[in-house]
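# Chain and residue survey
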Amino acid sequence: LAKTTQPISMDSYEGQEVNITCSHNNIATNDYITWYQQFPSQGPRFIIQGYKTKVKNEVASLFIPADRKSSTLSLPRVSLSDTAVYYCLVGALNSGYSTLTFGKGTMLLVSP
Amino acid sequence: SQTIHQWPATLVQPVGSPLSLECTVEGTSNPNLYWYRQAAGRGLQLLFYSVGIGQISSEVPQNLSASRPQDRQFILSSKKLLLSDSGFYLCAWAGAGNEQFFGPGTRLTVL
């Protein structure tokens, strides 16, 4: 399984755009990149998933460079409710066991 | 739609007592099922995963065991709890893709 490296924490203010970068130098050809969000005392929640280039949905964008050795989760105009831990994971779809390793994630604190 | 249930929501148990946490999934068939533990201020640690009835794989040696008696039921057990077993236990399921859907979790405190 490809290992990921993320910043331990980030601070932001309401209304700003937040970009969280994840390094995954050993990503395999079949691996996808998935981001989860976790609030205290809740299970992680899927945010976005991508393979290359850019993916966008109603809550976030995911930028993946051509070499796929890193990815950036972009949260537009964050609010206080975006304060959470964000996890970056890499793994292959339909891999049978589909074991994804959650690291310590990035603790995002959004202030007024 | 699919839903995942865990119970109990919170549990306080003495050291040396047994444990049984249950997880059930509705609205899907033959899911991959997972048990995670999250200690305070830490990331999620994968404990067990299952790709089918009676098929259990363990990621780390520990004081816990898991069973899957039915397609959509996953049980986490211990014969004798240790203080270090305290934590937030999460069950998750995954379908064809590798997006995992998590249950509400069980907060276990071992005293």
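Here, the structure is the one placed above.
Residues numbered from 1 in each chain as written. Chains lettered and ligands numbered in written order. Predicted model: local features only at pLDDT ≥ 70, side-chain atom pairs only at ≥ 80, totals over all residues. Heavy atoms only, no water.

### Side note on the state of the cysteines
All names here are of chain A. One pass over the structure, following the stated rule, counts 2 disulfides over all chains. The residue that forms a disulfide with C22 is C88, at a sulfur-sulfur distance of 2.2 Å. Torsion about the S-S bond of the C22 and C88 cystine: about -80°, corresponding to left-handed handedness. Of the two residues, C22 is situated in strand β2 (residues 18-23) and C88 in strand β8 (residues 84-92); the sequence distance between them amounts to 66 residues. (Disulfide = S-S within 2.5 Å. Helix = DSSP H or I, 4+ residues; strand = E, 2+ residues; numbered from the N terminus.)

### Brief notes about the pairing of strand β9 (residues 106-111) of chain A
Residues and elements named next belong to chain A. Burial along β9 is one-sided: the residues T106, L108 and V110 are buried and none of M107, L109 and S111 is. Here 5 bridges tie strand β1 (residues 9-13) to β9, and the two strands are oriented parallel to one another. Counterpart to S9 in the pairing with β9 is M107. Pairing geometry for β8 and β9, over 3 bridges, is antiparallel. Residue A84 lies in a different strand from β9, and its bridge partner there is L108. (Buried < 20%, exposed > 50% of the residue type's maximum accessible area, 1.4 Å probe, protein only. Pairing = 2+ DSSP bridges.)

### Remarks on the side chain of T4 of chain A
Residues and elements named next belong to chain A. Considering the arrangement of structural elements, one finds T4 in the segment before β1. Side-chain polar atoms of T4 contact the backbone oxygen of C88, separated by 3.4 Å. Residue contacts for T4: discarding those within four places in its chain leaves C22, S23, H24, C88, L89 and V90. (Polar contact = N/O pair within 3.5 Å; in protein donor to acceptor, adjacent residues only side chain to side chain. Contact = heavy atoms within 4.5 Å.)

### Regarding the sheet that holds strand β3 (residues 19-26) of chain B
All names here are of chain B. With antiparallel pairing, 4 strands are arranged side by side in an open sheet as β1-β3-β8-β7. Only two strands of the sheet have a single neighbouring strand rather than two, namely β1 (3-7) and β7 (65-70). Between one strand axis and the next, the sheet turns by 20° as a mean value, whatever way the strands run. (Axes fitted to C-alpha atoms, helices over the stretch in contact; angles between N-to-C directions.)

### A few points about the environment of T4 of chain A
Classification of T4 of chain A as buried rests on a relative accessible area of 18%. Measuring from C-alpha to C-alpha, the distance between T4 of chain A and S70 of chain A comes to 8.8 Å, with 66 residues separating the pair along the chain.

### Notes on the environment of P104 of chain B
Residue and element names in this part refer to chain B. Examined against the element boundaries, P104 turns out to sit in the loop between β10 (100-102) and β11 (106-110). In this structure P104 comes out as partly exposed when scored by relative accessible area, which is 47%. Between the C-alpha atom of P104 and that of I75, which follows or precedes it by 29 residues, the distance is 15 Å.

### What about the sheet that holds strand β3 (residues 31-38) of chain A?
Residues and elements named next belong to chain A. Read from one edge of the open sheet, 5 strands run β1-β9-β8-β3-β4, paired in mixed fashion. With one partner strand each, in any of the chains shown, β1 and β4 (45-50) form the two edges of the open sheet. Across the sheet, the mean angle from the axis of one strand to that of its neighbour is 25°, orientation sign disregarded. Strand direction decides the pairing type here: β3 and β8, joined by 8 bridges, are antiparallel. Along β8, the bridge assignment pairs W35 with C88.

### Section: unusual backbone geometry
In this structure, P8 of chain B follows W7 of chain B across a cis peptide bond, with omega equal to 0°. Phi at R68 of chain A takes a positive value of approximately 60°, unusual for a residue other than glycine. Topologically, R68 of chain A is positioned in the loop between β6 (61-64) and β7 (70-75).

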